[in-house]
Amino acid sequence: MSLERLCPPAPTPQTRLAAAACLEKLAGKDLESACLAASPYRAIQAIARGLAQDDATQSKVWIVKASPGKSVQQTPLMDDADTGVGNISAWPLWFRDGAEHFEMPLLYLLRSVSVAGLRAAIDEAADRGILCNDAEITSSRWPKSVQPAVPLWLASSVNGIPYDPASGQEALAILRSAMQAMYMDDEPGFFYMTLHDDDGKVPAPSQAHVNEAYKGMYRLLAAPESSAPAVRLLGAGQALGKVIDAASLLREDWNISAEVWSCPSYTRLAREGHEAERWNMLHPLSKKKTSHIQTCLGSGQSPVLAITGYGQHIADQIGAFVRARFVALGADSHRQTNGFPSAQWIVAAALKALGDEGALPMRYAEEALKRYALA
């Protein structure tokens, strides 16, 4: 076997043609409809099935199915006969020879609770591809069913960008943009998505807004016009449902307006913020660059609360780029919370932030702790 054969195939014009065919499929009304009211897990399953079964794309995409999926009792398992997916590893894809030896879009479906498992999959994929981890559909003692080191490693891995989509629409929008970036624009690295199977209470965003999911955040619900104090609530993945519940409680119980933002990637927002700061430092005489998070939140002074189902430190990454009072909440923010911060805990934290700003009497925060039995 020659050494050349062992090298991963390089991007070629054929790679772009394959990606263009996949992107055309991903833009189709059938997949948009399938993802509209679906969870991220079910959306990615539908996308993989659609790409594998369509004559225009089945030979233009690599789909690795290393995840056992769900049991038959829960949902019909998308097996190899249904999808045309035969690989449980990415290695066979790199060892092709002849005319087929060129890179194609790679969708890697796996389940891994550890950094070691993720690193093995990413090494197999030669640091390329879109990795979708469905560990979150299982139950575990760990936040989002992965070991605490996983989100830390992903946040620090400069070769990849992690996402935590809240809905099937977000998963589809991120997948489209990731495929465009890697296989059409030749950007290096990999993309990672964690998948849950909860439809939740997330309202369907407009197509224009959900396309901003790839950039890390977009506004889902505007705050009603009011003279009452207001807060801005940011949520990622499944935690976004709790954020929406908290916005309702703030309005109904406390007459507080809340603006809701979906933030599929706190890590991307933080990295872009640091990149903008570095560029501005190195180009003091040029027009300043503004990061996406600063464009979204602007110079408003309403407190900002960022919520995640991972540890608080994941949401805390964006704190340096928020000009208003900032609070990060995660699975470790309240000892009585098992997993995601509850809507009631988010409300209490929002009232405390408003109290710290002098926008409300601090007794409101004390009353919330008592009313919701949080203390």
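Everything below is about the structure printed above this text.
Residues numbered from 1 in each chain as written. Predicted model: local features only at pLDDT ≥ 70, side-chain atom pairs only at ≥ 80, totals over all residues. Heavy atoms only, no water.

**Q** Tell me about the packing of helix α3 (residues 29-36) against helix α4 (residues 40-53), and name the residues and values.
**A** Remark: α3 packs on α4, axes separated minimally by 9 Å, with the N-to-C direction vectors making an angle of 160°. What the angle tells us is that α3 and α4 run roughly antiparallel. The hand of the α3/α4 crossing is right-handed. The residues of α4 that touch α3, namely those facing L31, A34 and C35, are A43, A46 and I47. (Axes fitted to C-alpha atoms, helices over the stretch in contact; angles between N-to-C directions. Helix = DSSP H or I, 4+ residues; strand = E, 2+ residues; numbered from the N terminus. Parallel < 35°, antiparallel > 145°, perpendicular 65-115°, else oblique. Left-handed = near helix turned anticlockwise from the far one by under 90°. Contact = heavy atoms within 4.5 Å.)

**Q** How would you summarise the sheet that holds strand β8 (residues 257-262) if you had to cite specific residues and measurements?
**A** Taken together, the five strands give an open sheet; going across it, the order is β6-β8-β7-β9-β10, and neighbouring strands pair in mixed fashion. Of all the strands in the sheet, the pair left with one neighbour each is β6 (218-221) and β10 (326-329). Taken over all neighbouring pairs, the strand axes of this sheet differ in orientation by 25° on average, direction set aside. (Pairing = 2+ DSSP bridges.)

**Q** Give a description of the sheet that holds strand β4 (residues 160-163) that names residues and reports values.
**A** Overall, parallel pairing links the five strands, which are arranged β1-β2-β3-β5-β4 in an open sheet. At either end of the open sheet lies a strand with only one pairing partner, and these are β1 (62-65) and β4. Within the sheet, the average angular offset between the axes of one strand and its neighbour, ignoring direction, is 15°. Of the pairings in the sheet, the one linking β4 to strand β5 (residues 190-194) comprises four bridges and is parallel in character. Paired with P162 across the strands is Y192, a residue of β5. Docked against the sheet, helix α7 (residues 115-124) engages β2 (106-110), β3 (129-133) and β5, running at close to 155° with respect to β2.

**Q** Before we move on, can you summarise the nonpolar core with the specific residues and values?
**A** One broad trend across soluble globular proteins is that nonpolar side chains are buried collectively. In terms of nonpolar packing, the biggest core is built from 118 residues, with I130, M193 and L233 touching the most fellow members. Broken down by element, the residue count for this core peaks at 10 residues, all from helix α9 (residues 168-184). (Core = buried A, V, L, I, M, F, W, Y, C linked by side-chain atoms within 4.5 Å. Buried < 20%, exposed > 50% of the residue type's maximum accessible area, 1.4 Å probe, protein only.)

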